[in-house]
Amino acid sequence: MTVAPNSPFCQRGFPLHVVQHEIFPNDDERIFYAVRIEYCSALSSPNEMADTRTHRKRTRDRCLLLILSTCWSILQLCQCQCSLGSTSFEKVAGASLRSARLNALYKGSPGEASITKECLNRCRALADCDSMLLSYTAQNCMKSTMTSEGRRSDVAISSPPSSTSYFEKICLSAPRCNRLWTFERVIGYEISGFDDRTIPGVNSRLQCQDLCLREKGFTCRSGEYDYAFQQCRLSSEDRRSQPSSFRPAFGDVDYFENQCVTDGATGCNYEEKEDTDIERVDATVSAYSQSECQQQCDATQSFLCHAYSFRQSSSSCKLSSDDSFNLGSNAIRRRIGTSYYQRENCLDLKLTCTDTTMQLILKTREPFDGRIYSQSKPYSCQSFGDKQTVTKFVMDVKGECGVEVESDDHLTNTVVIQYHPLIQQKGDRVIKLYCSLFEETNRTISKTFQVSQGQEPAVTAVVNATAPTPNIRLRITDLNGTDISGTKIGEPLYFRIEIDEDSVFGIFARDMTAKNGKSDQMIELIDSEGCASDARIFPPFDKIPGTKSLQSKFQAFKFAEDSVVRFQVNVHFCLEECNPVVCPSGTQSWGKKRRRREVSTENDIVPDYPLVAAIVVEGSPFGNNTGPTGSLVDEREMEDSEEIVCTTKTVVVVTSLGALFLQIGLLAACGSCLLLTRKDQRPRYSEDAASTITETLPPFGSVHHSRLR
């Protein structure tokens with residue numbers, strides 16, 4: 001802008017014009033603004049400033065314009081959702097946030113390609129969308145200003161899994177990938193025994209996730225954050241590569257899985273299930289064959305595709321990030337005409353064949369001490385691991401291994417890979433082997449467990465003593481507290497030993513075992529001191545909060561050739577209460593009585609009382625059917641929610657900072673106006689020539705000056 005030197009509005013040192021210029025976008029989602037202020041350097045004649053009142057009015061107008069411009073820029077800056085990093089999302093499958101006020105965000109149309117992508121993009125762009133609930137069946141999503149920060153217990157997981165997923169907006173300082181969401185979270189779970197790095201003193205789960213993204217020593221596929229000890233544990237394994245070690249955690253621990261990495265194993269087959277579907281669609285594409293649909297799943301970049309369903313009649317290919325590994329087998333629904341496929345739990349197997357033998361070589365990352373055996377000849381043809389990472393299993397074609405000749409040039413057999421020498425758990429696999437005597441390569445196809453059903457009631461016992469008789473109840477329940485007599489491998493259960501609260505006794509448990517239905521196989525779960533023999537199979541007992549009763553949360557297991565599991569535990573009584581014992585692993589267990597000097601007559605109270613219960617455990621349809629469960633979500637609330645705005649701690653902090661910046665900006669603008677007014681009262685100067693100076697203010701939050709053109 002050029003101003004004539006004799007202009008009546010040109011005063012030395014005064015801003016002549018304020019212009020709000022264009023927005024400068026930045027890759028890390030911060031927004032910058034530039035304000036251009038033009039100054040005059042001189043006056044040509046003092047006589048041209050005679051009308052002082054008019055000049056001062058114009059000066060006030062300029063100051064007002066400057067104040068308004070400053071306020072607007074500061075308010076826009078306060079709206080930045082992630083000024084120090086990048087915005088992403090964290091997903092909790094099959095969940096919702098209790099007490100969250102939901103407002104409509106987006107309603108999809110029938111046949112829309114990706115409701116997930118559209119909803120997440122809309123939420124990312126809105127400052128008042130801190131979390132989102134997505135309904136796959138209703139094809140809509142609802143936004144909320146509430147998050148699970150400080151209220152982990154409000155994240156409700158339905159059982160069976162509902163057709164919703166809860167997404168929470170997170171701010172990451174580490175570089176993120178191009179996935180729609182960066183982490184998947186499972187509240188109250190962990191992978192036991194596969195920590196590659198442990199970092200103490202981490203202040204939050206988000207910092208732990210940042211450390212996972214920045215890890216250079218290994219590929220960080222998952223992690224756990226312990227809120228109580230502020231401990232971050234990172235792992236190169238995840239719940240799909242080590243399903244038998246994925247279990248409920250002790251204490252306040254959350255598991256998260258990195259979505260910015262590819263699946264750990266390569267060359268894995270997809271397991272097929274006809275006339276079924278998971279009905280949790282993240283993207284829909286067209287495909288004319290099952291193989292083309294699988295290629296679409298493998299090539300997906302916006303999320304990790306773990307499963308797909310193909311419908312030949314409509315050439316419909318639906319891709320999903322969920323499967324039975326993270327939702328459980330109950331999430332799979334029957335749908336005639338649709339075939340469902342999900343990635344198998346990949347095994348590093350090598351099969352070599354001759355005309356007399358079949359040799360299977362299993363490679364594991366951890367020493368293998370389980371059992372490999374022929375499904376049809378489990379006792380005459382088996383091999384036990386000797387705690388090595390390479391295990392060989394040789395089957396004689398003409399021996400007692402059940403090898404069958406399928407045709408003149410093909411041999412076949414079905415083997416079971418069991419990670420424990422006696423019991424079957426989540427993650428154990430049944431593999432069907434094919435050998436071609438004229439080909440060097442052989443393929444493996446996974447099959448599923450088949451276990452018959454049955455029922456046996458739980459046992460209630462009464463203990464007689466000199467004190468008032470305590471009623472002891474042994475219960476095996478699901479996560480909702482319902483007594484069960486049958487379940488599936490990997491389902492989370494509670495083993496409870498209950499006592500009346502008005503009893504003078506306390507209890508502890510020890511010498512606990514599990515036997516098969518024939519009682520010819522047995523494993524120890526709790527030793528004579530009350531400590532867990534293997535916490536991955538059966539964790540130590542803990543007190544039920546606010547009671548004298550005990551419980552242990554475990555995942556259902558079974559013996560290889562028997563679906564019945566019989567539990568026996570010895571219950572000991574103490575006056576008033578029993579003290580916990582500190583086990584070699586560092587955990588506490590209510591399995592040890594008080595010292596003799598504390599209660600001298602303790603051995604004379606009552607003898608240990610044995611409790612017995614039995615359940616029937618079935619094999620799961622996919623061999624991996626576990627997933628956290630909780631309360632049911634009513635999806636109708638998503639459609640009828642009122643427009644109610646709630647605040648959060650984050651909103652309060654951001655609003656307070658915005659108000660502070662606004663006050664600072666107003667004070668600075670007022671100071672500038674005062675300075676300009678004082679300068680207006682100084683003597684005027686005349687110069688023969690004058691020029692206009694254009695200055696560009698630097699963008700807020702930037703260390704560089706951006707010149708305006």
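With an unreviewed UniProt entry as reference, the protein chain is termed Cuticlin-1, source organism Trichonephila inaurata madagascariensis.

> Which residues make up the overall build of the protein chain, and what are the values?
Per the secondary structure count, the protein chain includes seven helices and 45 strands. Within the span of the protein chain, comprising 709 residues, buried residues form 50% of the whole. Summarising the internal contacts of the protein chain: among those between residues at least 6 apart in sequence, 71% fall at separations of at least 24. Accessible surface, the protein chain as shown: approximately 33900 Å² in total, 49% of it carbon and sulfur.

> How would you sum up the state of the cysteines? Please name residues and give values.
Considering all chains together, one arrives at 11 disulfides under this definition. Between the sulfur atoms of Cys 119 and its disulfide mate Cys 141 the distance is 2.1 Å. Because the sign of the S-S torsion sets the handedness, a value of about -90 degrees for the bond joining Cys 119 and Cys 141 places this disulfide among the left-handed ones. Remark: Cys 141 occurs in strand 7 (residues 140-144) and Cys 119 occurs in helix 2 (residues 115-125); sequence separation between them is 22 residues. Overall, Cys 141 belongs to the buried group, its relative accessible area being 1%. With its sulfur 2.0 Å from that of its partner, Cys 123 forms a disulfide with Cys 129. Between Cys 123 and Cys 129, the disulfide has an S-S torsion of -100 degrees and is therefore left-handed.

> Give me the lowdown on the packing of aromatic side chains, citing residues and values where you can.
What the rule picks out here adds up to 18 aromatic pairs. With 6.0 Å between their ring centres and 65 degrees between their planes, Phe 495 and Phe 541 make a pair best called edge-to-face. One end of the pair, Phe 495, is in strand 35 (residues 492-499); the other, Phe 541, is in the loop between strand 37 (522-526) and strand 38 (542-543), with 46 residues separating them in the sequence. The burial state of Phe 495 is the same as that of Phe 541; both residues are buried. Ring centres of Phe 538 and Phe 554 lie 5.1 Å apart, and the angle between their planes is 40 degrees; on these two criteria the pair is classed as tilted. On the criterion of sequence distance, the pair formed by Phe 538 in the loop between strand 37 and strand 38 and Phe 554 in strand 39 (residues 550-555) is long-range, its members being 16 residues apart.

> How would you summarise the pairing of strand 14 (residues 231-235) if you had to cite specific residues and measurements?
In terms of residue burial, strand 14 counts as a mostly covered element, since four of its five residues are buried. Bridging between strand 13 (residues 222-226) and strand 14 involves five bridges; their strand directions are antiparallel. Paired with Asp 226 across the bridge in strand 14 is Gln 231. What sits between the antiparallel neighbours strand 13 and strand 14 is a turn of four residues, in which Gln 230 has the positive phi angle 50 degrees.

> Explain the environment of Asp 478 to me, and be specific about the residues and the numbers.
Tracing the sequence through the fold places Asp 478 in the loop between strand 33 (471-477) and strand 34 (486-488). It is 9.1 Å that separates the C-alpha atoms of Asp 478 and Phe 495, two residues lying 17 residues apart in sequence. Among all residues touching Asp 478, those that are not within four sequence positions of it are Ile 484, Pro 492, Leu 493 and Tyr 494. Separated by 3.0 Å, the side chain of Asp 478 and the backbone nitrogen of Asn 480 make a polar contact.

> Tell me about the pattern of salt bridges, residues and numbers included.
Summed over all chains, the structure comprises 29 salt bridges. A salt bridge links Asp 322 to Lys 91; the shortest N-O distance between them is 3.1 Å. In this pair, Asp 322 sits in the loop between strand 20 (316-320) and helix 5 (324-327) while Lys 91 sits in strand 3 (residues 86-93), placing the two residues 231 residues apart along the sequence. Of the two residues, Asp 322 and Lys 91, both sit in the buried class.

> So what's going on with unusual backbone geometry? Which residues, and what values?
The phi dihedral of Gln 139 is positive, around 55 degrees, even though this residue is not glycine. Looking at the element boundaries, Gln 139 is found in the loop between strand 6 (131-135) and strand 7. For Gln 230, which is not glycine, the phi torsion reads 50 degrees and is therefore positive. Within the fold, Gln 230 resides in the loop between strand 13 and strand 14.

> Give me the sheet that holds strand 44 (residues 609-618): which residues, what numbers.
Taken together, five strands build an open sheet; the order of strands is 34-44-41-36-37 and the sheet is mixed. The strands lining the two open edges of the sheet, one partner per strand, are strand 34 and strand 37. Recorded for the sheet is a direction-independent mean angle of 30 degrees between the axes of neighbouring strands. Across four bridges, strand 36 (residues 505-516) lies against strand 37 in antiparallel orientation. Residue pairing for strand 37: Thr 513 is matched across the bridge by Glu 524.

> I'd like a rundown of the sheet that holds strand 9 (residues 164-172), residues and numbers included.
As summarised here, the arrangement of the 10 strands in space is 5-7-6-9-3-10-16-13-14-12, forming an open sheet in which the pairing is mixed. The outermost strands of the open sheet, each flanked by one partner alone, are strand 5 (103-107) and strand 12 (197-199). Within this sheet the neighbouring strands show an average axis-to-axis angle of 25 degrees, counted without direction. Bridge count between strand 3 and strand 10 (residues 183-187): two bridges; the pairing is parallel. When the sheet's bridge partners are listed, Glu 90 is paired in strand 10 with Phe 183.

> Can you tell me about the nonpolar core, naming the residues and giving the values?
Among the nonpolar cores identified, the biggest contains 35 residues, and Phe 495, Ile 497, Met 512, Leu 525, Phe 541, Phe 557 and Phe 567 are the most heavily contacted of them. Counting residues per element, the ones that place at least two in this core are strand 33, strand 35, strand 36, strand 37, strand 39, strand 41 (564-575) and strand 44. Setting aside residues no more than four positions away along its own chain, Phe 557 makes contact with Ile 423, Gln 424, Gln 425, Ala 514, Ile 523, Leu 525, Ile 537, Val 565, Phe 567 and Val 617. Listed in part, the 27 residues of the second largest apolar core include Cys 123, Cys 129, Ala 283 and Cys 297.

Calculation criteria
Residues numbered from 1 in each chain as written. Predicted model: local features only at pLDDT ≥ 70, side-chain atom pairs only at ≥ 80, totals over all residues. Heavy atoms only, no water. Helix = DSSP H or I, 4+ residues; strand = E, 2+ residues; numbered from the N terminus. Buried < 20%, exposed > 50% of the residue type's maximum accessible area, 1.4 Å probe, protein only. Contact = heavy atoms within 4.5 Å. Areas by Shrake-Rupley, 256 points an atom, 1.4 Å probe, with all protein chains shown as cover. Disulfide = S-S within 2.5 Å. Phe/Tyr/Trp six-rings, centres within 6.5 Å; stacked < 30°, edge-to-face > 60°. Pairing = 2+ DSSP bridges. Polar contact = N/O pair within 3.5 Å; in protein donor to acceptor, adjacent residues only side chain to side chain. Salt bridge = Lys/Arg side-chain N within 4 Å of Asp/Glu carboxyl O. Axes fitted to C-alpha atoms, helices over the stretch in contact; angles between N-to-C directions. Core = buried A, V, L, I, M, F, W, Y, C linked by side-chain atoms within 4.5 Å.

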